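# Architecture and fold: a report
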Amino acid sequence: MHMTRASCAAIIVLLASTAASLSQSWPSRPISVVSVFSAGNATDTVARIVLDQVSKDIGQPFVIENRPGGGGTVGVAAVAKAEPDGYTMLLHASTFSSQVVMHKNLSYDSLNDFTPIVPFGIQPLVLVVGTSKGFRTAGDLIAAAKAAPGSLNFASAGVGATSHLAGLRFIRAAKIDVQHIPFRGPSEAFTEVMAGRIDFFFLPLAPAIGLVKEGKIVALAVSSTKRAPTLPDIPTVVEIGYPGAAYQFWAGLFAPAKTSRAIIDKLHAATMRALTLPAVNSRLSQMGVEPLTMSVEQFGEFFREDMTATVRLAKEAGIGPAN
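Residues numbered from 1 in each chain as written. Predicted model: local features only at pLDDT ≥ 70, side-chain atom pairs only at ≥ 80, totals over all residues. Heavy atoms only, no water.

### Some remarks on the confidence of the model for the chain
Averaged over all residues, the pLDDT of the chain is 91; the fraction at 70 or higher stands at 92%. For the stretch residues 13-19, pLDDT sits under 50, and the model shows one contact to residues farther than four places along the chain or on other chains. (pLDDT = per-residue confidence, 0-100. Contact = heavy atoms within 4.5 Å.)

### A short note on the side chain of Ser97
Mapping Ser97 onto the fold places it in the loop between β3 (88-93) and α4 (99-102). When near neighbours in sequence (up to four residues on either side) are disregarded, Ser97 contacts Trp250, Phe303, Asp306, Met307 and Thr310. (Helix = DSSP H or I, 4+ residues; strand = E, 2+ residues; numbered from the N terminus.)

### Structural notes on the pattern of salt bridges
It is possible for side chains bearing opposite charge to pair when their charged atoms get close. Taken as a whole and judged by the stated rule, the model has 14 salt bridges. One salt bridge in this structure joins Asp44 and Arg48, with 2.6 Å as the shortest N-O distance. Here Asp44 pairs with Arg48, and both are found in helix α2 (residues 42-58), just four residues apart, close to one helical turn. By relative accessible area, which is 1% here, Asp44 ends up buried. According to the relative accessible area criterion, Arg48 is partly exposed, its value standing at 37%. A salt bridge links Lys56 to Asp52; its shortest N-O distance comes to 3.9 Å. A residue pair is termed a helical-turn pair when its members lie 3 or 4 positions apart in one helix, as Lys56 and Asp52 do in helix α2 at four residues. (Salt bridge = Lys/Arg side-chain N within 4 Å of Asp/Glu carboxyl O. Buried < 20%, exposed > 50% of the residue type's maximum accessible area, 1.4 Å probe, protein only.)

### Digging into the nonpolar core
Nonpolar side chains in soluble globular proteins generally cluster together in the buried interior. Ranked by size, the top nonpolar core spans 86 residues in total, and within it Phe170 and Phe200 carry the most contacts. No other element matches the eight residues that strand β4 (residues 114-130) contributes to this core. Residues within four places of Phe170 in sequence aside, it is in contact with Leu127, Leu141, Ile142, Ile176, Phe200, Phe202 and Ala245. The next biggest cluster of nonpolar side chains, apart from the first, holds 21 residues, and it includes Val128, Ala155, Ala208 and Val222. (Core = buried A, V, L, I, M, F, W, Y, C linked by side-chain atoms within 4.5 Å.)

### A word on unusual backbone geometry
The omega torsion across Trp26 and Pro27 is 0°, close enough to zero to call that bond cis. In this fold, Pro27 is placed in the loop between α1 (5-25) and β1 (31-35). Positive phi values are uncommon outside glycine, yet Lys175 reaches one of about 55°. Positionally, Lys175 belongs in the loop between α6 (162-174) and β6 (179-182). Non-glycine residue Lys258 carries a positive phi angle of around 75°. The class for Lys258 is exposed, based on a relative accessible area of 77%.

### Observations concerning the packing of aromatic side chains
Each aromatic ring pair is described using two quantities: the centre-to-centre distance and the angle formed by the ring planes. In the structure shown here, the tally under the stated rule is 15 aromatic pairs. Measuring from centroid to centroid gives 5.5 Å for Phe154 and Phe200, while their planes differ by 15°, and the two rings are stacked. Remark: Phe200 occurs in strand β7 (residues 200-204) and Phe154 occurs in strand β5 (residues 153-156); sequence separation between them is 46 residues. Accessibility classification places Phe154 together with Phe200 in one group, the buried group. (Phe/Tyr/Trp six-rings, centres within 6.5 Å; stacked < 30°, edge-to-face > 60°.)

### Considerations on helix α5 (residues 138-147)
Each full turn of the α-helix corresponds to 3.6 residues, which orients residues three or four apart in the same direction. Taken together, the buried positions of α5 are occupied by Ala138, Leu141, Ile142 and Ala145. Along the axis of α5, the buried residues cluster in a sector spanning 95°; they form a single face. Residues of α5 that are buried make contact with β4, α6, β7 and β8 (217-222). (Arc of directions from axis to C-beta.)

### Re the pairing of β8
Every regular strand shows the same layout, with side chains that alternate between the two sheet faces. With six of six residues buried, β8 is to be regarded as a mostly interior element. Pairing analysis gives five bridges linking β4 to β8, with the strands arranged antiparallel. Bridge pairing in β8 places Gly130 opposite Ile217. (Pairing = 2+ DSSP bridges.)

### A few points about the pairing of β1
Within β1, four of the five residues are buried, leaving the element largely enclosed by the surrounding structure. Relative to strand β2 (residues 62-66), β1 is paired through five bridges, and the arrangement is parallel. Paired with Val34 across the strands is Glu65, a residue of β2. In this region the chain leaves β1, passes through α2 and returns to the parallel neighbour β2; the handedness of that crossover is right-handed. In this sheet, β3 lies alongside β1 in parallel orientation, the contact comprising four bridges. Bridge assignment links Ser35 to a residue of β3, and that residue is Leu91. (Right-handed = clockwise from strand over helix to strand, strands pointing away.)

### Remarks on the environment of Phe62
With respect to the secondary-structure elements, Phe62 resides in strand β2. Residue classification places Phe62 among the buried positions, given a relative accessible area of 13%. Residues Phe62 and Val33 lie 29 residues apart in sequence; the distance between their C-alpha atoms is 6.5 Å. When sequence neighbours within four positions are dropped, the list of residues in contact with Phe62 reads Ile31, Val33, Leu51, Val54, Ser55 and Leu267.

Spelled out as structure tokens, the structure:
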């Protein structure tokens, strides 16, 4: 069928009008946010702080549903199958990038089945050791590892976990040979570090702050490119000479693919406004989280680049699928 310029223009106007109408009417009911983290987890808490403010802005509450099963894949699969109507979102983080290498039979495509909407923030991990180890600097740890290759070990919260990826970047940058000891979660790993049975561990900044200040563990470096305001005396991995070890944990919000761009833009704008509020910033800062200011397109590119880097690291380290 031949269409005139007038017909094409009319269709464009109609589509724009429909998008504008959808943006104005959304949301008309509570929004479900599927979190791949357990309730009370630091990332879950960050999301609640931000989304509580966003809900005041858009006039509807967010209902967070915690579905941490299958290493987070259960919750992700549920969102991938959800209607792209703006009422089901996904809360995920850096581990989203590692799922593709940890699971070979995923029912979803991490890059194509989701639209990255907005990041909440980033925080570094902290290279920590037990007080009984006697290490006072990262240089001490590295020297000990090089003096006896294969004799030291590091813990992680599981193969492919953020603590594992941070540890891999560090040992490859420092060119040291150490053993990896994976645990079922961060609590078990950290307990072993405290007891002195594990030599080092990359602990997220939020739980590390109080323990370091109380002298219960020793912090040797932070995995960011600039110092953490909450631990200003601890050098970065860049400062100690290992820029290749830089790695930061991020968290953000995703929607099913094909969700209206009008809805995406409205939610992105409301979240950006929330992240600029002093009250929100103050609470995030106490947790060691630095808000990220990115457009929808920038966050999408950030996510793709992070996944590419993680896949490359996993292949180089010989990390294989779990199923």
